[in-house]
Amino acid sequence: MTQGNGMRATLQRRMLLLGMVPRQPRRVSAPELVERLQARGLDTTLRTIERDLEALSAFLPLGRDERDRPYGWYWLADAPLQDMPALDPETALTLQILDAHAARLLPPSARERLAPQVARAREVLEATGQSSGLSLWPERVRILSNGPPLDPPAIPEGVFTTLQQGLLERRCLDITYRSRSKERVRDHRIHPLAMVFREPVTYLLATIEPHQDVLHLAAHRIEAAALTEKPALDPAAGFDLDQLIKEGAFDYPEGETIHIELRVSPAVAYHLHEARLSDDQTIESEAYGEHFRVSATVRDTARLKWWLLGLGAGVNVLKPAPLREAIAQELKYAHLGYRTEISS
């Protein structure tokens, strides 16, 4: 091997090596690094890696835990992030948006690991200057919910992190839960299955021993949570989160699919032309008047009723008769409530 090839091989090995060293408080031993490098196809030895680490720690913020052998190596907690290769502005923007809008979707260990990258991303974007559209992007893009902005219910301190950890490590949890329907507090052992964020509430899907039915537990009603050593198991019948959502589990189902017919205003018709209710939706103008007839096959849910009521005078339910009657009753009660005098 020529001297030039030898230098390139050393540089390649050391760059890969630095990328495998975790940030404090995590650590990795030299034998573990040898295994990882060999798994990447690099033919190296323990002695070579030990020499590399010693040499790199002379001018980089690397630390070594000497309490036990083999020694554990790590980047110091306050070490500036080393960009290899340099973090480009587009990737920095992606990290910024992830931190702003999806931080709650990540397990605690992943958020902690990303913290230095997010801080570095902020520096990179600031360095691009005001003339760059990338630096302005986080200030000029927002995600709005469909409805008034509601503050999420407060989750007791420490509970959310424990729920995430139980789900990540597939371990049972012992929880204290306050039931909304029965207004009582009980202790349960649960098998966490999934987490769903439906603004403004966070739900943990789980089974409660000894039962197999999947329940939606509102995270803010979990007053205490503790990890156990018992492995969490899926229900015997299996678990498919996407299928549950498709079946309307989070739309408060009240029945099977139904075929609805609506008389709607031009404004509502235009909206439904852009955002369809279903694949088989049709919109036809009525022979007389300015209204439109909409038909579609949808799932019978409480959320469907809330949507229809929210359209007010812009929609008139024609079919099916039970849905028309239910909406009419709600509007009747609302009308009576508004007719009631309010004392000053």
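Definitions and limits used
- Residue numbers run consecutively from 1 along every chain, following the written order of its sequence.
- Confidence filtering applies because this is a predicted model: local features only for residues at pLDDT of at least 70, side-chain atom pairs given and counted only at 80 or more, and all residues used for totals across whole chains, interfaces and linings.
- Computation of side-chain values covers all heavy atoms of the structure but excludes hydrogens and water.
- Two rings belonging to Phe, Tyr or Trp (six-membered ring only in the last case) form a pair when the distance between their centres is within 6.5 Å. Interplanar angles under 30 degrees mark stacking, angles over 60 mark edge-to-face geometry, and anything in between is tilted.
- In this text, helices come from DSSP runs of H or I with a minimum length of four residues, and strands from runs of E with a minimum of two, each type numbered from the N-terminal end.
- Burial classes follow relative accessibility: with a 1.4 Å probe on protein chains only, a residue under 20% of its type's maximum area counts as buried, one over 50% as exposed, and anything between as partly exposed.
- One bridge is not enough; two strands pair if DSSP finds at least two bridges between them.
- All axes here are fitted lines through C-alpha atoms, helices being fitted over the stretch that makes contact, and every angle between N-to-C directions spans 0 to 180 degrees.
- Between 65 and 115 degrees an angle is taken as roughly perpendicular, under 35 as roughly parallel, over 145 as roughly antiparallel, and anywhere else as oblique.
- Each helix crossing is assigned a hand: it is left-handed if the near helix lies turned anticlockwise from the far helix by less than a right angle, otherwise right-handed if that turn is clockwise.
- Contacts are assigned to residue pairs with any non-hydrogen atoms lying within 4.5 Å of each other.
- Each residue receives one of three labels: charged for Asp, Glu, Lys and Arg, nonpolar for Ala, Val, Leu, Ile, Met, Phe, Trp, Tyr, Cys and Pro, and polar for the others, Gly being one of them.

A. Looking closely at the packing of aromatic side chains. On inspection of all chains with the given rule, the structure shows 2 aromatic pairs. Aromatic pair F160 and F197: ring centres 6.3 Å apart, planes at 65°, arrangement edge-to-face. A residue pair is termed long-range when its members are at least 10 positions apart, and F160 in helix α7 (residues 159-169) and F197 in strand β5 (residues 185-198) qualify at 37 residues. With a relative accessible area of 15%, F160 lands in the buried category. What makes F197 partly exposed here is its relative accessible area of 31%.

B. Spotlight on the sheet that holds strand β3 (residues 72-75). Across the sheet, which stays open at both edges, the 3 strands sit in the order β1-β3-β2 with antiparallel pairing between neighbours. Two strands close off the open sheet at either side, each with one partner strand: β1 (28-29) and β2 (62-65). Judged from the 2 bridges that link them, β1 and β3 form a sheet pairing that is antiparallel. By the bridge assignment for β3, V28 is matched with W73.

C. Representation of the packing of helix α4 (residues 89-101) against helix α6 (residues 133-140) within the structure. Taken N-terminus to C-terminus, the directions of α4 and α6 make an angle of 10°; their axes are 10 Å apart at the nearest point. As the angle between them shows, α4 and α6 are arranged roughly parallel. Crossing hand, α4 versus α6: right-handed. The residues of α6 that touch α4, namely those facing P89, E90, L93 and I97, are L134, W137 and P138. Its residues assigned to classes, the contact of α4 with α6 comprises 6 nonpolar, no polar and 1 charged.

D. Molecular detail of the pairing of strand β9 (residues 253-264). Two elements, β9 and strand β11 (residues 292-301), share 9 bridges in a ladder whose sense is antiparallel. Each bridged residue has a counterpart across the sheet, and for I258 the counterpart in β11 is V298. When β9 meets strand β12 (residues 315-319), the two strands line up antiparallel, connected through 4 bridges. Paired with R263 across the bridge in β12 is N316.

E. Molecular detail of the packing of helix α2 (residues 30-39) against helix α3 (residues 46-57). The geometry of α2 relative to α3 is characterised by a closest axis approach of 9 Å and an angle of 110° between their N-to-C directions. Between α2 and α3, the crossing angle belongs to the class labelled roughly perpendicular. Crossing of α2 against α3: the hand is right-handed. On α3, the residues that touch A30, P31, L33, V34 and L37 of α2 are L46, I49, E50 and L53. Grouping the amino acids of the contact of α2 with α3 by side-chain chemistry returns 8 nonpolar, no polar and 1 charged.

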